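# Architecture at a glance
Below, each chain spelled out in residue letters.
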Amino acid sequence: WFKIPSFNIYFSSSFCDNDTSINYSAKNDRGSYIFYSKLKQNSKKENDSIQLPQNGIFFCKKINKDTILYGGYFNKTFSIYQIVRNNFTRIFSNKGNIPFVQIINSVSFYFQFENKIFYYYKDFKPKLIFQSKSSIDGFYVNKEGNLFISRNEGIFKISANTVKLILPIIHGLLKVDNNILYVLYEQQNEFIRF
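Reference entry: report on the structure contained in this document. (Residues numbered from 1 in each chain as written. Predicted model: local features only at pLDDT ≥ 70, side-chain atom pairs only at ≥ 80, totals over all residues. Heavy atoms only, no water.)

In this section: the pairing of strand S15 (residues 154–159). For a regular strand, side-chain orientation follows a simple rule: the groups alternate between the two sheet faces. Direction of pairing for strand S14 (residues 147–151) relative to S15: antiparallel, over a ladder of five bridges. Looking across to S15, one finds that Arg151 is bridged to Gly154. Where S14 folds back onto S15 in an antiparallel hairpin, the turn is made up of two residues. When S15 meets strand S16 (residues 162–168), the two strands line up antiparallel, connected through six bridges. For Gly154, the partnering residue across the bridge sits in S16 and is Pro168. Taking the residues between adjacent antiparallel strands as the criterion, S15 and S16 are bridged by two residues, where Ala160 takes a positive phi near 45°. (Pairing = 2+ DSSP bridges. Helix = DSSP H or I, 4+ residues; strand = E, 2+ residues; numbered from the N terminus.)

Structural data, given as structure tokens:
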């Protein structure tokens, strides 16, 4: 059996508002990469790629023209790296897997570990912002600082010490955009907008 070198398995994609590019994390028989694609004003497509020093399954997020964050779980550690002009720097690591990360900017993000939600700022210890007795399927923090948690019972909104069940029964990965809540409800194979 022979795998064609140009064949890529894609794991993650992100759109960068600053330069209207789409970035993909991918893996092939030669290693792990971040691919970049942009449609220029003359309708010509510009493509480029960066080979990553680690070989694993990664997510990627382009922050601006010069900065990309990527990370994933390998060697029993979850790590996040920053690429600035082809210089690789590890900015975070955690023993054990992290199922979800919400990137804010190049130096800060939220992440879920076990049944806890943390806020991380580069060079500081993670700050615990929420802990649940039940398992968490997903979370999201919107621009106003409201925390949305998904558990088996449904989706909860937590703001200023107030907890409110806003969508019963349905649960899964979350995204909040322009006051619209999106839920990937895996048990019913549905994508729900609320």
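Here we come to the sheet that holds S16. The strand order S13-S14-S15-S16 describes an open sheet built from four strands, whose pairing is antiparallel. Looking at strand neighbours, the two that pair on one side only are strand S13 (138–141) and S16, the edges of this open sheet. Across this sheet, the average inter-strand angle for adjacent strands is 20°, counted without regard to direction. One ladder, built from four bridges, connects S13 with S14; its direction is antiparallel. What sits directly across from Phe139, in S14, is Ile149. (Axes fitted to C-alpha atoms, helices over the stretch in contact; angles between N-to-C directions.)

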